[in-house]
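Okay, here's what each chain looks like letter by letter:
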Amino acid sequence: MKRIKKEHKIFAFSPDNKPVLKVNSGEEVIFETTDCYNDHLKDSTCQRSDLNDDDANPATGPLYIHEAEPGDTLKVEIVSIDLDDYGIMAIGPGSGPAGDYIQDEETRIMKIEGKTIHFSKSLKLEARPMIGVIGTAPEMKSISTIVPDAHGGNMDCRSITEGSIVFLPVNVTGGLLSMGDLHAIMGDGETGGCGVESGGQVTVRVSVLKDCPLPLPAVVSEEKLMCITSKKTLDEAAHSCVKDIHNFLVQTVGIESKEANMFISATGQLKVCQIVDPLLTVRMEVELDHLRAYGYEID
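Residues numbered from 1 in each chain as written. Predicted model: local features only at pLDDT ≥ 70, side-chain atom pairs only at ≥ 80, totals over all residues. Heavy atoms only, no water.

**Quick notes on the packing of aromatic side chains**
Working step 1: For the coordinates displayed, the defined rule picks out 2 aromatic pairs.
Working step 2: Judged by centre distance (5.5 Å) and plane angle (85 degrees), the ring pair of Phe 248 and Tyr 296 falls under edge-to-face. Linking Phe 248 in helix α1 (residues 234–253) with Tyr 296 in the segment after α3 (288–293), this pair joins segments that are 48 residues apart in sequence. Judged on exposure class, the residue Phe 248 and its partner Tyr 296 are both buried.
Working step 3: For the ring pair Phe 263 and Tyr 294, a centre distance of 6.0 Å and an interplane angle of 80 degrees mean the geometry is edge-to-face. Residue Phe 263 is located in helix α2 (residues 257–267), and its partner Tyr 294 is located in the segment after α3; the two are separated by 31 residues in the primary sequence.
Working step 4: Owing to a relative accessible area of 8%, Phe 263 belongs among the buried residues under this scheme. (Phe/Tyr/Trp six-rings, centres within 6.5 Å; stacked < 30°, edge-to-face > 60°. Helix = DSSP H or I, 4+ residues; strand = E, 2+ residues; numbered from the N terminus. Buried < 20%, exposed > 50% of the residue type's maximum accessible area, 1.4 Å probe, protein only.)

**A word on the layout of surface pockets**
Working step 1: Roughly 620 Å³ of internal volume is contained in the largest pocket.
Working step 2: Surrounding the largest pocket, 25 residues form its lining, Arg 128, Pro 129, Arg 158, Thr 161 and Glu 162 being those nearest its centre.
Working step 3: Every element with two or more residues in the lining of the largest pocket is listed here: β7 (73–83) and β23 (280–287).
Working step 4: With 3 residues, β7 is the largest single contributor of residues to the lining of the largest pocket.
Working step 5: A breakdown of the residues in the lining of the largest pocket according to their chemical character gives 7 nonpolar, 6 polar and 12 charged.
Working step 6: Considering only enclosed or pocket space, the second largest pocket measures out at about 530 Å³ in volume.
Working step 7: Among the residues making up the lining of the second largest pocket, the classes are represented as 8 nonpolar, 10 polar and 8 charged. (1 Å grid on protein atoms, 1.4 Å probe; cavity = no way out; pocket = protein on both sides within 12 Å on 5 of 7 lines; lining within 4 Å. Points joined across faces, edges and corners; volume = space filled by probe spheres on them. Nonpolar A, V, L, I, M, F, W, Y, C, P; charged D, E, K, R; others polar.)

**A few points about the pattern of salt bridges**
Working step 1: In this structure the tally under the stated criterion is 16 salt bridges.
Working step 2: For Glu 77, the salt bridge is made with Arg 205, and the minimal N-O distance between the two is 3.2 Å. You can see Glu 77 sitting in strand β7 and its partner Arg 205 sitting in strand β19 (residues 200–209), a full 128 residues away along the chain.
Working step 3: Among the residues examined, Glu 77 registers a relative accessible area of 19% and is labelled buried.
Working step 4: A salt bridge links Asp 289 to Arg 292; the shortest N-O distance between them is 2.6 Å. Note that Asp 289 and Arg 292 are positioned in helix α3 at a spacing of 3 residues, about one turn of the helix. (Salt bridge = Lys/Arg side-chain N within 4 Å of Asp/Glu carboxyl O.)

Right under this line is the structure:
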């Protein structure tokens, strides 16, 4: 199987990034990734403040997909996520809303054995691997891998996990897909500024869709369709995300506007992905079974 090694990393999604691998639509690819600290926090004596700005949140790639042209949609099936055998959390003053109470820095290295994270002496957690950063190149500008936006990027959506499908816009020829920032586990909101960060490798299947009227970026799990939106404030993100789902229900599923509004209010789940990046991210979830009741099926 084709592989992109973790040495091929970017720190910004850009139409000017040179692809390191080219594949056909429908092929599987392995992305090796560093952790979000660029593998530079090796033990508990290393602190987040020791890092250079250039070390922040690398993504592996980019991957060029033949047949992908501007206006298409890239379908990324997450086949598997295999984590390294340790995870890292590094916090300090200002790490999220509760960072006001923190006086100094702490780096904690946690052993990962199979599906078990040794979080502390008192607590073991079941690993729930996810991808924090996944996106395509924007059309015109470069966007830091720290920032989420319409291209995807640092969305930190805990539903981007093994078995899910991510739908991303193709803005430039080839798409230029990159990903990284794996988490062994992360709570909604990523309120402390990090999850249990880890490196590892992700196996994906990439396909080009020529006519896919989903609100992008989107994630589909076994049970749900999720629309993801990032804006300067949570209010802006929430309002925009609800409107995107509403328009999808009306224009694609064929539900009348007033009923679509009631449908979202009665069954939709608006959730926060993260509140610590330069843009804040929310997702609106709707049940696939509810869409099927209206005769709509996602291919």
